[in-house]
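Next come the chains, spelled out residue by residue.
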Amino acid sequence: MEAYPIEVDFPDIAAHAAGNTGVPYVYTFDSGEAGPHVMINALTHGNEVCGAIVVDELLRAQLRPRRGRLTLSFANVQAYARFDPAMPDKARFVDQDFNRVWTAAKLDDPATRSSELDRARAMRPVIDTVDLLLDLHSMHERSAPLIVAGPLGKGVELARRLGAPGTVICDEGHPEGRRMRDYEGFGDEASAKNALLIECGQHWEKSAVGVARDCTARFLLLAGVVDRSDMPAGWLAPLPDEMRVVRVTDPVVARSMDFRFAGPYTGLEMFPEAGTVIGWSDGQAITTPYDDCVLVMPSLRQLRPGVTVVRLGRILERIDHSVRKQQK
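The structure displayed is predicted, hence computed values, not measured ones. (Residues numbered from 1 in each chain as written. Predicted model: local features only at pLDDT ≥ 70, side-chain atom pairs only at ≥ 80, totals over all residues. Heavy atoms only, no water.)

Some details on the sheet that holds strand 11 (residues 277-281)
Strand order in the open sheet formed by three strands is 9-11-12, and the pairing between neighbours is antiparallel. On the outer flanks of this sheet lie strand 9 (259-261) and strand 12 (284-287), each paired with one strand and no other. In this sheet, neighbouring strand axes are inclined to one another by 25 degrees on average, regardless of whether the strands run parallel or antiparallel. One ladder, built from four bridges, connects strand 11 with strand 12; its direction is antiparallel. Along strand 12, the bridge assignment pairs Trp280 with Ala285. (Pairing = 2+ DSSP bridges. Helix = DSSP H or I, 4+ residues; strand = E, 2+ residues; numbered from the N terminus. Axes fitted to C-alpha atoms, helices over the stretch in contact; angles between N-to-C directions.)

Structural notes on helix 6 (residues 206-223)
Its 18 residues give helix 6 an end-to-end C-alpha distance of 27 Å, which sits within 8% of 26 Å, the value for a rise of 1.5 Å per residue. Among all positions of helix 6, only Ala208, Val209, Val211, Ala212, Asp214, Cys215, Thr216, Ala217, Arg218, Phe219, Leu220 and Ala223 are buried. The elements touched by buried residues of helix 6 are strand 2 (37-42), helix 1 (49-60), strand 3 (69-74), strand 4 (132-139), helix 5 (153-162) and strand 7 (194-202). After helix 6 finishes, the residue Gly224 shows a positive phi value of roughly 85 degrees. (Expected span 1.5 Å × (residues − 1). Buried < 20%, exposed > 50% of the residue type's maximum accessible area, 1.4 Å probe, protein only. Contact = heavy atoms within 4.5 Å.)

Points about unusual backbone geometry
Excluding glycine, residues mostly have negative phi values, and the peptide bonds linking residues are mostly trans. A cis geometry characterises the amide bond from Ala164 onward to Pro165, with omega recorded as -5 degrees. Mapping Pro165 onto the fold places it in the loop between helix 5 and strand 6 (167-170). A positive phi is found at Leu268, a non-glycine position, where the angle reads about 70 degrees. Looking at where Leu268 falls in the secondary structure, it is placed in the loop between strand 9 and strand 10 (270-271). For Leu268, a relative accessible area of 14% gives the class buried.

Comments concerning the pairing of strand 7
With nine of its nine residues buried, strand 7 lies for the most part within the structure. As defined by bridge partners, strand 4 adjoins strand 7 across seven bridges and the pair is classed as parallel. Looking at the pairing, Asp135 lines up with Leu197 of strand 7. In the sheet, strand 5 (residues 146-148) pairs with strand 7 via three bridges, with the strands oriented antiparallel.

Thoughts on the environment of Asp320
Structurally, the position occupied by Asp320 is in strand 14 (residues 308-320). The spatial distance from the C-alpha of Asp320 to the C-alpha of Met139 is 26 Å, given a sequence separation of 181 residues.

Quick word on the sheet that holds strand 10
Taken in spatial order, the eleven strands of this open sheet run 1-3-2-4-7-5-6-8-14-13-10, and their pairing is mixed. The outermost strands of the open sheet, each flanked by one partner alone, are strand 1 (26-30) and strand 10. Running at roughly 130 degrees to strand 3, helix 1 makes contact with strand 1, strand 2, strand 3, strand 4 and strand 7 of the sheet.

Section: the pattern of salt bridges
Evaluation of the coordinates by the stated rule reveals 27 salt bridges. Salt bridges sharing common partners tie together Glu48, Arg92, Asp97, Arg100, Glu176 and Arg304. (Salt bridge = Lys/Arg side-chain N within 4 Å of Asp/Glu carboxyl O.)

Thoughts on the nonpolar core
Counting residues in hydrophobic clusters, the biggest one holds 57 residues, and the most contacted among them are Ile40, Phe74, Leu196, Ile198, Phe219 and Leu220. Looking at which element gives the most residues to this core, the answer is helix 6, with nine residues. Excluding residues within four positions of it along the chain, Leu220 makes contact with Val38, Ile40, Leu63, Leu70, Val225, Val226 and Met231. By size, the runner-up hydrophobic cluster in this structure holds 19 residues, among which are Met39, Val101, Val130 and Ala195. (Core = buried A, V, L, I, M, F, W, Y, C linked by side-chain atoms within 4.5 Å.)

With respect to the environment of Ala223
Note on placement: Ala223 falls in helix 6. Looking at Ala223, the relative accessible area reads 18%, which means it is buried. Among all residues touching Ala223, those that are not within four sequence positions of it are Pro36, Val38 and Leu132.

Laid out in C-alpha cells, this is it:
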C-alpha cells in the first residue's frame, strides 16, 4: 500500500490541556445569549490531524460565540500523543476505536475499561448538553472529501444546508459499534439534536485542512453562534457545483485477514454494471449489487476480522448548487 506523504505540521496541543470544563482538552464558551450549544470536535482518531489544526487555531484566535454556547474539543489525545511518522496508522487509537463506543450500555458498564472508554466517559457530560455536533475526521486513502450524515433524514437535511463537501453519505454506521455522531439524541429522529461527521481528505494532505476550515466556518455560521466577520479570513471556500446524496446499502466486513480488492481503490469509484467483482474475501468474490454502485472509503490499512473495509452505496439524489452560488 502507498505511504502517503505528511504535508502538514502536527500542532502541539499541550497548551490546551487544562480545558475549562473540568475535562482536559475540552473548552466551552457561553455567550450568555439564547442559542444552540454547538461543538466542534477533533481527534476522534489520533492520526487525523486536520481537525486538531482547526480547533487549535480557533482556541488560539480566542473565537467566542455571539449567541448560544460553543465547545471546542480534542478527543483521543492519548492516541495523538503516540503519533510516529514512521508508523502513522498506528496512532488511530490506543486500545479500541473511540468512534465505536457511543452507546449508553457501553458507557454505563464500569466493568469494561479501555483508554477510549475512559475518555468517552469523561467527555460524555459535556456531549450530553450539545445540540449540534461537527466531528472532523480524515481518511486512510486519498479520496474526495465527504459528509457522513448518518441514517436519518435530519442528518441529510443538515448536510444539504451546509452545502459542502459535495458528497453526502447516508449510512447506518459500523457493526463494531456506534459512532459519536449517532450517540443518543444525534441518532434519534424525534430529537432536535443533530450531528455531522466530515471526512476532509487523506489524513496528512494539506488540502484536508482547507476542507476542515471551510466546513467548520459553514457549520458555525449555519448554527448562528457566530457572524461571518468572526471567522478567520480565507476559511470559507466556494460551494461545489453539485451535491450528491449516496445511501449506503451494504457494508463489506472482513471475516479474516484474507481480503483483497480487485483494484487500487481509494474512494467514490462508481461501477456502471451490477455484478462487477470489486474484491475477494476468503477467496469468495465480492460483487456490486446494482448498477452505478459507489465505493465508500475502501481501505485495508486497518484490516482485521470484523472491520468494515468498504461500503457500497447507491446515488439517491443530485442537488444543483448553481442557483445557490449565484445568490452568494
